[in-house]
Amino acid sequence: MSVSTAAATRTICAPLPVLGRDVTVPLVTGGEVGYAALDYAASAPALQRVWDDVAAYAPYYGSVHRGAGYLSQLSTDLFENARRTVAEFLDCRADDQLVFTRSTTDSLNLLAAALPADCQVFVFETEHHASLLPWQDARVTYLDAPCTPGQAVATLESALAGRDPHGPALVCVTGASNVTGELWPVRELAAAAHAHGARIVLDAAQLAPHHPVSVRDLDVDWVAFSGHKLYAPFGSGVLAGRADWLRAAEPYLAGGGASRKVTRRQDGGVDVEWHESAARHEAGSPNVIGAYSIASACKALTEAGFDTLVAREQYLVEKVRTGLAEVPEVRILSLFGDDAPRVGVISFVVDGWNSSHFAAALSAEYGIGVRDGLFCAHPLVRTLLGSDPQSQGECGAPEAAPGEKSLNAIRVSFGAGTPDEHVDRFVTAVRELVTEGATWTYRTEDGRCVPAV
């Protein structure tokens, strides 16, 4: 991006208003500073627009699918309209089903519970645990971390070519890595899956907040994501896609709402007729506020325009990567290389520092919130850090078994609500900590590095 283009992007693309933008936090060195929330990959702050929409609805809160009263009818309409709004946001096919869940993890566990008998599952070791672990009851093939997008496609094609061609198969892949931020070749992986008679589910937890996600264009069979990554409050998620496996599966939860008809049998048992709609997997009173908040976030992002949001975020990505590249002690983690397209998620290590210690100093001395550790993607981070052991004796160094390396990294992540100042402060803080060291002393408490008092 040229200087003139970057300046124009910064001028016309103000960050979207988010909750917490005016929060101040104390520094161990004295005084307070505005909190720089740079941990969007874990949980993005809720958009002010979303919070305002939820607050406006709150007085009209009522039971969903249960009551004849006005507030119940209003809440039911709100819930089902939210389903349609999110389906439009994802560009779902006409016959797709959209189920509201608790999170991406919940969505993928729901799909895992709906797999046909003897289904084969193919998943890269690079996945977040939410998409790596739910398939334990299926026949799982774990694929090695690829070095390029092309190698990812070739690896999948090779694995699928050797599978049983007569049984069902599912490929699970991320859209954007929660560790490196790199975009995966989803459309090409979907084509490879379908060419070999397999289906594919997209973990869009890190993709949907940063890029448009079209089920039709990407040609994926399902997509899963979480509200709390998409600038909505905690506790809501989505699984959207093909209806047949979901309709054929036993309900994810047995209870009211999932059942269409329940009768007693003469032998004392009960017979149940389950819904075939999304309600089949939405037993219990639904999280209407969660669904509404996701729909509100979808509307806000659509109205802001993803072209504009992506352009500004790429400006911030380049600002961070350029700043970190100027510090020789910093190594940015990557699978696909420096030129790979990516979202606003960057992980790195600093020579001479344990990552927990570095993250603690960013927080305590600069008011910057980042993440350190293995980011619920242990196999991937261990692969990326295989040659970078960190001393067990440093503050906050994670425990390791005898003979194993102590590994962790630092992750900075940002998005539509991030002001330039937060990124500038972060780059300055990294440079100062590396060149001048921490001002404060730190100790380990319950496995975390904290300021010594």
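All of the points below concern the structure found in this document.

Conventions adopted
Residues numbered from 1 in each chain as written. Predicted model: local features only at pLDDT ≥ 70, side-chain atom pairs only at ≥ 80, totals over all residues. Heavy atoms only, no water. Helix = DSSP H or I, 4+ residues; strand = E, 2+ residues; numbered from the N terminus. Rg over C-alpha atoms; globule rule 2.2 N^0.38 Å. Buried < 20%, exposed > 50% of the residue type's maximum accessible area, 1.4 Å probe, protein only. Areas by Shrake-Rupley, 256 points an atom, 1.4 Å probe, with all protein chains shown as cover. Lys, Arg positive; Asp, Glu negative; His and termini not counted. Charge placed at Lys NZ, Arg CZ, Asp CG, Glu CD. Core = buried A, V, L, I, M, F, W, Y, C linked by side-chain atoms within 4.5 Å. Pairing = 2+ DSSP bridges. Axes fitted to C-alpha atoms, helices over the stretch in contact; angles between N-to-C directions. Contact = heavy atoms within 4.5 Å. Expected span 1.5 Å × (residues − 1). Arc of directions from axis to C-beta.

## Quick look at the overall build of the chain
So, point 1. A count of helical and extended segments in the chain gives 14 helices and 19 strands.
So, point 2. On C-alpha atoms alone, the chain measures out to a radius of gyration of 23 Å, which is about the 22 Å that the 2.2 N^0.38 rule sets for 453 residues.
So, point 3. Across its three principal directions, the C-alpha atoms of the chain cover 80 × 55 × 50 Å.
So, point 4. With 453 residues in all, the chain has 54% of them scored as buried.
So, point 5. Approximately 19300 Å² of the chain is accessible, and the part contributed by carbon and sulfur atoms is 52%.
So, point 6. Each charge sign in the chain was given a centre, from 35 positive and 54 negative side chains, and these centres are 5 Å apart.

## With respect to unusual backbone geometry
So, point 1. One non-glycine residue, Asp91, lies in positive phi territory at about 55°.
So, point 2. Residue placement: Asp91 occurs in the loop between α3 (70–89) and β4 (97–101).
So, point 3. Of note in the backbone geometry, Asp219 takes a positive phi value of approximately 60° without being a glycine.
So, point 4. When you line up the elements, Asp219 lands in the loop between α8 (215–218) and β9 (222–226).

## Considering the nonpolar core
So, point 1. In terms of nonpolar packing, the biggest core is built from 84 residues, with Val86 and Leu90 touching the most fellow members.
So, point 2. Broken down by element, the residue count for this core peaks at nine residues, all from helix α10 (residues 288–304).
So, point 3. Listed in part, the 35 residues of the second largest apolar core include Tyr366, Cys395, Val423 and Ala429.

## Notes on the sheet that holds strand β14 (residues 345–350)
So, point 1. If you trace the four strands from one edge of the open sheet to the other, you get β13-β14-β17-β16, paired in antiparallel fashion. The open sheet has two edge strands with one neighbour each: β13 (330–332) and β16 (371–373). Across the sheet, the axes of successive neighbouring strands diverge by a mean angle of 30°, strand direction being ignored.
So, point 2. Inspection of the sheet shows β13 paired to β14 by three bridges, in the antiparallel sense. Along β14, the bridge assignment pairs Val330 with Val350.
So, point 3. Contacting β13, β14 and β17 (409–413), helix α11 (residues 306–325) runs over the sheet at an angle of about 10° to β14.

## Quick word on helix α6 (residues 149–161)
So, point 1. With 13 residues, α6 should reach 18 Å at 1.5 Å per residue; the first-to-last C-alpha distance of 19 Å fits that figure.
So, point 2. Buried within α6 are the following residues: Ala152, Val153, Leu156, Ala159 and Leu160. For α6, the arc enclosing every buried residue in end-on projection is 130°, short of the 170-degree limit, so these residues lie on one face. Away from its buried face, by an angle of more than 90 degrees, α6 presents the exposed residues Ser158 and Ala161.
So, point 3. Lining the buried residues of α6 we find β5 (120–124), β6 (139–143), β7 (169–174) and α7 (186–195).

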